[in-house]
Amino acid sequence: MSELRLYNTASRSVEPFTLPEGVPAVRLYCCGPTVYHFAHIGNLRTYVFEDVLRRGLEYFGFAVKHVVNITDVGHLTSDEDEGEDKMEKGAARTGKTVWEVADFYTQAFMKDIALLNILNPSVWCKATDHIQEQVDLVQTLESKEYTYRTSDGIYFDSAKFKRYADFARLDIDSLQEGARVDKGEKHNITDFALWKFSPVETRRAMEWPSPWGVGFPGWHIECSAMAMKHLGQTLDIHCGGTDHVRIHHTNEIAQSECATGKPFARFWMHGEFLRMGESAKMSKSSGEFLTLDVLIRDGFHPMEYRLMALTSHYRNYLNFSYDALENARESLKALRKKTDPLIGQGGSIGSTKAKEWQAKFREAIGDDLNTSKALGILNLMLKDTLQDYEKSALVRDFDSVLGLGLDTPLTVVREAASVDAAKVEALLVERKEARASKDFKTSDRIRDELAAMNVVIKDGPQGTTWEVKNGK
RNA sequence: GGCGACAUACCCAAGUUGGUAAGGGAUGGCUCUGCAAAAGCCCUAUUCCCCGGUUCGAGUCCGGGUGUCGCCUCCA
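The rules behind the values
- Residues numbered from 1 in each chain as written.
- Chains lettered and ligands numbered in written order.
- Predicted model: local features only at pLDDT ≥ 70, side-chain atom pairs only at ≥ 80, totals over all residues.
- Heavy atoms only, no water.
- Helix = DSSP H or I, 4+ residues; strand = E, 2+ residues; numbered from the N terminus.
- Buried < 20%, exposed > 50% of the residue type's maximum accessible area, 1.4 Å probe, protein only.
- Contact = heavy atoms within 4.5 Å.
- Salt bridge = Lys/Arg side-chain N within 4 Å of Asp/Glu carboxyl O.
- Phe/Tyr/Trp six-rings, centres within 6.5 Å; stacked < 30°, edge-to-face > 60°.
- Lys NZ or Arg CZ within 6 Å of the ring centre and 35° of its normal.
- Pairing = 2+ DSSP bridges.
- Axes fitted to C-alpha atoms, helices over the stretch in contact; angles between N-to-C directions.
- Domains from an automatic or database assignment.
- Right-handed = clockwise from strand over helix to strand, strands pointing away.
- Parallel < 35°, antiparallel > 145°, perpendicular 65-115°, else oblique.
- Nonpolar A, V, L, I, M, F, W, Y, C, P; charged D, E, K, R; others polar.

Asks: Give a description of the overall build of chain A that names residues and reports values.
Replies: For chain A, the count of helices and strands is 15 helices and 15 strands. Dimensions of chain A, computed from C-alpha atoms along their principal axes, come out at roughly 90 × 55 × 40 Å. Out of the 472 residues belonging to chain A, those deemed buried represent 53%. Pairs at least 24 apart in sequence give 76% of the contacts found in chain A among residues at least 6 apart.

Put into structure tokens, the structure is as follows:
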């Protein structure tokens, strides 16, 4: 039986994953979205990776307690008082209150991940529901003298955490030199806010009382506070996007380990970025970005995007392009052609050969979630000479990790573009008559006419079927 | 300026401790078809950005070069 091995950012190497004695379920925490805007498809790539991780853990027999946070507090764009509050910006953009904005984009996010067949975590937790926990954690740090006060907030003194630079392998000196922002009142460039005071002259849309005055929590503290509340002081796996390594996770480690004196997480895993072909950046702050909704509007199915994400390894960057997505679409179509007839065949993995395929698949997933290799194995397995019921069982088994929904018919996500079905049917009857009398000129004309309406027809043994062609 | 990643066929992409280039899509060929589409079958890298080196043997290790990209500010 192969084991599960995962890449740990902390050690920069692939390590066997096991659970400590007495821990019944994997304590998994994934950094969730800041709900001030739609998630773009780059964000979603990371959630697909985390979903595969969670499914992979379960495939290897681990129970998983999976916690994902919703960041619904607006944070400034830097730890200084510069920039705009993202939530308030979102409110200004949409004409809603910050609370409505948070709710709206939370719902939108939930819809996206459901469409991508991403399993719901065991716990969703919102930052605004855990203000007290965050205040408590800051107080603990304060009592241990890791904090100091400036005119705008309570800060963590990173110089007091000797291992601060270790996790991200930071070179603090060169950071100082190349720094783009002034450290302001901060003692060190790497210090960060734990609690920010509301400006004296204005009221913020979101603010809470605290021992230090009315204000709001710093960005990093929420993850530590919520992760510890729901999972305990040490997590088994903490994950997020690769951009979190240097700042967010470094700070989480600092504040958490200083507060508890214990390791914060045993494994750290990070998904690499999705990049745009024309070097356009996948960033929400730059304005233009692609959402799942846009892809759907362009005629793509969310599963096509999921498959595209699965074709590459989560630790490699993936270039997004419509070409690549179309590739995934054809690929999924061809795959489903083979798997659809197997749906509902029951059966179990019994023969030696079937078990060998399963072992190969398991090894690929166990190899730091090598979904690309796993997909190759799926394809080869489908070509092999196995009984259909065994293939069916294997597809179900593999899909429990891949999450492509191969064990159920593909759901229609987008209603076929508005086409007058009655007219299409009438034309098809006309064409059928023309063909019967060998009037191929007319029949071809009708097909062209239908093509102009974006309708593609297929003549089969059971008669002619048609569908509306989607996509660009 | 500082740090880092990557470079495999037309495209996406895997390649474990070096042992003789997965898989998918597209293209092409064939079968089928009034013609198409659909379906089925088959083929597609003596070679892994370049130049050296180590080795019996390197895409895989070492050195140098070139190129692309990312991060260093909120960002998955």
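What follows continues from the structure just given.
Asks: Hey, could you go over the pattern of salt bridges for me, with residue numbers and the actual values?
Replies: Where charged atoms from two side chains of opposite charge approach closely, those side chains can pair. Under the definition given, this model contains 18 salt bridges. The residue D51 makes a salt bridge to R306 at a minimum N-O spacing of 2.8 Å. Of this pair, D51 sits in helix α1 (residues 41–59) while R306 sits in helix α9 (residues 302–310), and the two are 255 residues apart along the sequence. When its relative accessible area of 0% is taken as the criterion, R306 is described as buried. Two residues, K353 and D384, come together in a salt bridge whose shortest N-O distance is 3.7 Å. Of the two residues, K353 sits in helix α11 (residues 352–366) while D384 sits in the loop between α12 (371–383) and α13 (388–402), which places them 31 residues apart along the sequence. Judged by relative accessible area, which is 34%, K353 ranks as partly exposed. Taken together, the shared-partner salt bridges connect R5, D367 and K373 into one network.

Asks: Which residues make up the packing of aromatic side chains, and what are the values?
Replies: On inspection of all chains with the given rule, the structure shows 19 aromatic pairs. Summarising the aromatic geometry, the rings of W195 and W212 are spaced 6.1 Å apart at their centres and angled 45° between planes, so their arrangement reads as tilted. Of this pair, W195 sits in strand β8 (residues 192–197) while W212 sits in the loop between β8 and β9 (215–217), and the two are 17 residues apart along the sequence. Judged by its relative accessible area of 0%, W195 is buried. On the accessibility criterion, W212 (6% relative accessible area) is buried. A network of ring pairs unites the aromatic residues Y59, F60, F361 and F398 as a single cluster. Its guanidinium or amino end placed over the ring of Y317, R275 lies 3.8 Å from that ring's centre, counting from NZ or CZ. Against the face of W357 rests K360, its NZ or CZ located 4.4 Å from the ring centre.

Asks: For the sheet that holds strand β7 (residues 153–156), give the residues involved together with the corresponding values.
Replies: Strand order in the open sheet formed by four strands is β6-β7-β8-β9, and the pairing between neighbours is antiparallel. The sheet is open, and its two edges are formed by β6 (147–149) and β9, each paired on a single side. Adjacent strand axes in the sheet meet at a mean angle of 25°, parallel and antiparallel pairs treated alike. The sheet contact formed by β6 and β7 spans three bridges and is antiparallel. Note that in β7 the partner of R149 across the bridge is I154. Sheet strands touched by helix α4 (residues 131–143): β6, β7, β8 and β9. Its angle to β8, the strand with the most contacts, is close to 120°.

Asks: Would you mind going over the environment of F109 in detail, with residue names and values included?
Replies: Relative to the helices and strands, F109 is located in helix α3 (residues 98–115). Residue F109 is classed as buried on the basis of its relative accessible area, which comes to 3%. Between the C-alpha atom of F109 and that of G184, which follows or precedes it by 75 residues, the distance is 36 Å. Contacts of F109, omitting those with residues within four sequence positions, involve P33, A39, L44, Y47 and W124.

Asks: I'd like a rundown of the domain arrangement of chain A, residues and numbers included.
Replies: When its domains are assigned, chain A resolves into domain 1 (5–143 + 219–275), domain 2 (298–402) and domain 3 (421–468). The centre of domain 1, based on its C-alpha atoms, is set 53 Å off from the matching centre of domain 3.

Asks: Before we move on, can you summarise the pairing of strand β10 (residues 235–241) with the specific residues and values?
Replies: Counting buried positions along β10 yields seven of seven residues, so the element is predominantly enclosed. In this structure, β10 lies alongside strand β11 (residues 265–271), joined through six bridges in parallel fashion. Looking across to β11, one finds that C239 is bridged to M269. Taken together, β10, helix α7 (residues 245–260) and β11 constitute a β-α-β crossover, and its handedness is right-handed.

Asks: How would you explain the packing of α1 against α13 if you had to name every residue and give the values?
Replies: In contact at an axis separation of 7 Å, α1 and α13 are set at 135° when each is read in the N-to-C sense. In terms of axis orientation, α1 runs oblique to α13. Of α13, the residues touching α1 (which contributes V52, R55, G56 and Y59) are D397, D399, S400 and V401. Looking at side-chain class alone, the contact of α1 with α13 contains three nonpolar, two polar and three charged residues.

Asks: A description of the sheet that holds strand β3 (residues 25–30) should follow, citing residues and the corresponding values.
Replies: Judged by pairing direction, the sheet is parallel, and its five strands sit side by side in the order β5-β4-β3-β10-β11 without closing on themselves. The sheet is open, and its two edges are formed by β5 (123–126) and β11, each paired on a single side. For this sheet, the mean angle separating the axes of adjacent strands, direction not counted, is 20°. Across four bridges, strand β4 (residues 63–70) lies against β5 in parallel orientation.

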